[in-house]
Amino acid sequence: MYAVFTCIAYQHDLRLVGLAAVICTLASFTAISLLHHVRRSSARKRLAWLAVSATTTGFGIWATHFIAMLAFSPGIPTAYNIALTALSLVAAILLTGAGLAVAVESIAGAGARLGGAMVGGGIAAMHYTGMAAFEIPGHIVWDPVLVAVSIALGALIGAAALSIGLRGDSVKWKILGALLLTAAICSHHFTAMGAAKIIFDPTIALSETAAPSGLLAIAVAFASFVIVVLALAGVSIEMRDRRRELETARMRGVANATFEGLLICEGNSIVTVNNNFAALIGGSADAVVGTELEQYFADTDIHLNFFERPNQSIEAALIHVDGSKIPVELVQRSIDFGGTPHRAVAVRDLRARKEAEKNIRFLAHHDALTGLPNRGSFNKKLDQEINAALAAGSRLAVLCLDLDRFKEVNDLFGHAAGDRVLQAVANRGSGVLDESQMLARLSGDEFAIIVPHLSHPTTAGRIAETILEALQTARESKETVGSIAGSIGIAICPDDATDRHALLSHADTALYRAKNEGRATHRYFESSMGAALRERRLLEHDLRNAIFGSELRLVFQPQKNIRTGDVVGFEALLRWKHPTRGDVSPAEFIPIAEDTGVILQIGEWVLRTACREAKTWIPPLTVAVNVSAVQIHNANFAHVVHEILFETGLAPARLELEITETALVRDLNRALATLRKIKMLGVRIAMDDFGTGYSSLSNLRAFPFDKIKIDRSFIKSVNGNGQAAEIVRLILGLGRALNLPVLAEGVETSAELDFLESERCDEAQGYLLGRPGEIETYRQLTLGGDATNEWPDVIHLAAKASSM
């Protein structure tokens, strides 16, 4: 180290040494900055910028060496071999260029260190080649230890210089790398100069072709000029890159705020992307920069189909890193980016839109709730199958399926429960059909099945039975819906009809027959069904208009206390006089009203009319009104009763609602809740037709009844059937045990009345005591006449009125 120090301090012009250091530092910073630009450049431009960086570094090493050599004063004449001097410059450029290439192309830190060590080797090669060009009248003796140290210093510090200088884009890393590269060059040079010992020999003369130091000074000045020019170019590039980085950062911030993927392209090369695009392909934004646009799209000719159509959207398939394809929409336009024209490409993810379009297409042909084909798909399929059957001379069947009492499910348990039932029907029904058969939901709880290639009409019946059986059993354990009952109507093509409308109409007609004949079964269409169905539908239509057409009226039948003979009340009975049909039996139109739901309007009218009439009666006689099961299970019924009582002013205790046992068993809990609300109003409740239903005793215990009415079927047999008489005695005894008055219906003979009186029955009603008639027939009773004394006359008048 002392030899090195002595060499610098006493054998060099320190001013020129300082100049050499400045030139070296300037060249080193330029080289490091240009290396960063090399890394950011495209593949085509990378080699050119690498050559510029290698030239800068080579000239810097060479200039540093020869400026320092000009500063060296050995005290004897000196000159330089022109060829070896030029060779030293070439060696510096080529060897450092190779090292810089290794450092730039390598991603890992080890590559940068290897490239730096190679640059150190280039420094050594240039130095010792330059020293070989140094001519003096004498010899140079080398210290091998210091020679090795000089080479090691150049390699080690050079490795550290590139490793740190290329670590990041921050200016501090570039400055630190440049200083280390300067240290590598200078430490190597002066250590190598310290290793050289000059021995003067006057017998050795300088060659005539050697260049004097003045000429070397001119060469060094030129090299320094090149370095300064390249340095200015490097600074310019650095400033431009910084502006571009800032612009890129701002643009990326804006781009990342958008919901779409965004790319900036220079030609086909991607300059920058936002995070949304990186997320779309499943990669990182940094990995995308510098790659070609085509590698991310399935259409390799994307530039032909896309770049020639600015501001126009096209659809393409984006390739994800896992190889999957993502439907996207692309829009591009030209922009100015960093002072040069680029293309901005917006990438919109179409997966959600495509999925929505798929769902829309599905919903256009399928039912949203069950996933079954809808009416449109069913009609199209049926038309195709009819044409195929007629052409092939084969048969097909159309089955109309309707759920039994589905409306009650919605009313009692809510529409969510009804939806689950419909989904269960779709699941269970589809499970027993093959691929050629279609189950579709037409509307509400109405389904239809197409059975093509029918070998025999009975096959359709077997399929119907299979479907009905399947509805009664859950296919999956997770199903929360229990047994489902339904009815099916069947029509055969071409036996019954050869067009879609007629087939569906006939199957619907057969369905009505199945429902009217007990439900939970199937029926084939018969030609005679058409007239019956038309008749029923006409009756339905007329019944809906009966209220508004004043075709409905009430008749009243008296109820008598058997012990005292007093009339205690009247039962209001509904009658319908059709304008063309005449009187229509309640047994005919009441079931229709219940099936269609019109019973709610009719029942409200009956209740209001009966209460309004009873309010006009002077004696506090009761009025009994029959109530349908549909009314009892309607959530609004108790409110309707309260509203009518308030409107008419009738005392609640004078209203008696008659309810059959059958109306209770459909939903005991709901019926009980409704009856309790009605009882809270003060209204009386009678069990009608007692003994004809089921669970009678439990019903009497559970429900708040005020009276029991014995069905007429038992009364008419008390004198000729000992079993019927015994049943009546048991009911009467039950009433006394429960402290409930008992009324006997259908009393038509004196013998029947005598039997009831002997068995201590409380009240009676029937033709013997008074036929149903207009209330005017019983006006003496309602105006407060003596019910007991006037009773025979009343009976006579009622009988006369009923026979008219």
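Now for a description of the structure that goes with this document. Remember, predicted model here, so these are calculated numbers, not experimental data. (Residues numbered from 1 in each chain as written. Predicted model: local features only at pLDDT ≥ 70, side-chain atom pairs only at ≥ 80, totals over all residues. Heavy atoms only, no water.)

## Here we look at helix H28 (residues 750–758)
Every buried residue of H28 is listed here: Glu752, Leu753, Phe755 and Leu756. Take H28 and look down its axis: the buried residues cluster within an arc of 160°, on one side only. Against helix H26 (712–715), helix H27 (722–737), strand E22 (742–744) and strand E23 (763–764) lie the buried residues of H28. Immediately beyond the C-terminal end of H28, within one or two residues, lies Arg760, with a positive phi of roughly 65°. (Buried < 20%, exposed > 50% of the residue type's maximum accessible area, 1.4 Å probe, protein only. Helix = DSSP H or I, 4+ residues; strand = E, 2+ residues; numbered from the N terminus. Arc of directions from axis to C-beta. Contact = heavy atoms within 4.5 Å.)

## Quick look at the pattern of salt bridges
Tallying each qualifying case throughout the model produces 28 salt bridges. With its nearest N and O atoms 3.4 Å apart, the salt bridge here joins Glu604 to Arg608. Here the residue Glu604 and the residue Arg608 both occupy positions in helix H20 (residues 599–615), the gap between them amounting to 4 residues, near one helical turn. Owing to a relative accessible area of 27%, Glu604 belongs among the partly exposed residues under this scheme. (Salt bridge = Lys/Arg side-chain N within 4 Å of Asp/Glu carboxyl O.)

## Some details on the pairing of strand E12 (residues 446–454)
Of all 9 residues that make up E12, 7 are buried, and the element is covered over most of its length. Pairing of strand E10 (residues 395–403) with E12, which is carried by 7 bridges, proceeds in the antiparallel orientation. Residue pairing for E12: Val398 is matched across the bridge by Ile450. Bridge analysis of strand E11 (residues 438–443) against E12 gives 5 bridges, and the strand direction is antiparallel. What sits directly across from Ser443, in E12, is Glu446. Two successive antiparallel strands, E11 and E12, enclose a turn made up of 2 residues, where Gly444 displays a positive phi of approximately 50°. (Pairing = 2+ DSSP bridges.)

## A few points about the packing of aromatic side chains
Applying the stated criterion across every chain, the model contains 6 aromatic pairs. Residues Tyr128 and Trp142 carry aromatic rings whose centres are separated by 5.4 Å and whose planes lie at 70° to one another, so their mutual orientation is edge-to-face. Of this pair, Tyr128 sits in helix H5 (residues 109–132) while Trp142 is found in strand E3 (residues 138–142), placing the two residues 14 residues apart along the sequence. The class for Tyr128 is partly exposed, based on a relative accessible area of 22%. Taken together, the aromatic side chains of Phe556, Phe570, Trp617 and Tyr778 make up a single cluster linked through ring pairs. (Phe/Tyr/Trp six-rings, centres within 6.5 Å; stacked < 30°, edge-to-face > 60°.)

## Some remarks on the packing of H20 against helix H22 (residues 637–648)
Following both chains from N to C, one finds H20 and H22 inclined at 30°, their axes separated by 9 Å at the closest point. Relative to H22, the element H20 is oriented roughly parallel. Of the two possible hands of crossing, H20 and H22 adopt the one that is right-handed. Residue-level contacts link Glu604, Leu607, Arg608, Cys611, Arg612 and Lys615 of H20 to Val640, Val641, Glu643, Ile644, Leu645, Glu647 and Thr648 of H22. Of the residues belonging to the contact of H20 with H22, the class tally is 6 nonpolar, 1 polar and 6 charged. (Axes fitted to C-alpha atoms, helices over the stretch in contact; angles between N-to-C directions. Parallel < 35°, antiparallel > 145°, perpendicular 65-115°, else oblique. Left-handed = near helix turned anticlockwise from the far one by under 90°. Nonpolar A, V, L, I, M, F, W, Y, C, P; charged D, E, K, R; others polar.)

## Details of H22
An ideal rise of 1.5 Å per residue puts 16 Å on 12 residues; H22 measures up with 17 Å between its terminal C-alpha atoms. Along H22, the positions that sit buried rather than exposed are Phe637, Ala638, Val640, Val641, Ile644, Leu645 and Thr648. Projected down its long axis, H22 carries its buried residues within an arc of 160°, all on one side. Elements that come into contact with the buried residues of H22 comprise H20, helix H21 (629–632), strand E19 (655–660) and helix H24 (668–680). A positive backbone phi angle near 80° is found at Gly649, which sits one or two residues after H22. (Expected span 1.5 Å × (residues − 1).)

## Looking at the pairing of strand E5 (residues 261–266)
Bridge count between E5 and strand E9 (residues 340–349): 5 bridges; the pairing is antiparallel. Its bridge partner lying in E9, Leu263 is registered against Val345. The pairing of E5 with strand E6 (residues 269–273) spans 4 bridges and is antiparallel. Along E6, the bridge assignment pairs Glu266 with Ser269.

## As for the environment of Arg348
Among the secondary structure elements, Arg348 is positioned in strand E9. Linking Arg348 and Leu262, residues 86 residues apart in sequence, is a C-alpha distance of 8.7 Å. Among all residues touching Arg348, those that are not within four sequence positions of it are Glu260, Pro327, Val328 and Glu329. Looking at Arg348, its side chain comes within polar contact range of the side chain of Glu329, at 2.6 Å. (Polar contact = N/O pair within 3.5 Å; in protein donor to acceptor, adjacent residues only side chain to side chain.)

## A few points about the sheet that holds strand E13 (residues 486–493)
Strands belonging to one sheet form pairs held by backbone hydrogen bonds; the direction of such a pair is parallel or antiparallel. Strand order in this open sheet of 5 strands is E11-E12-E10-E13-E14, and the pairing throughout is mixed. The sheet terminates laterally at E11 and strand E14 (522–524), the two strands that pair on one side only. Neighbour-to-neighbour, the strand axes of this sheet turn through a mean angle of 25°, independent of strand direction. Sitting on the sheet, helix H15 (residues 415–431) is in contact with E10, E11 and E12, with an inclination near 160° to E11.

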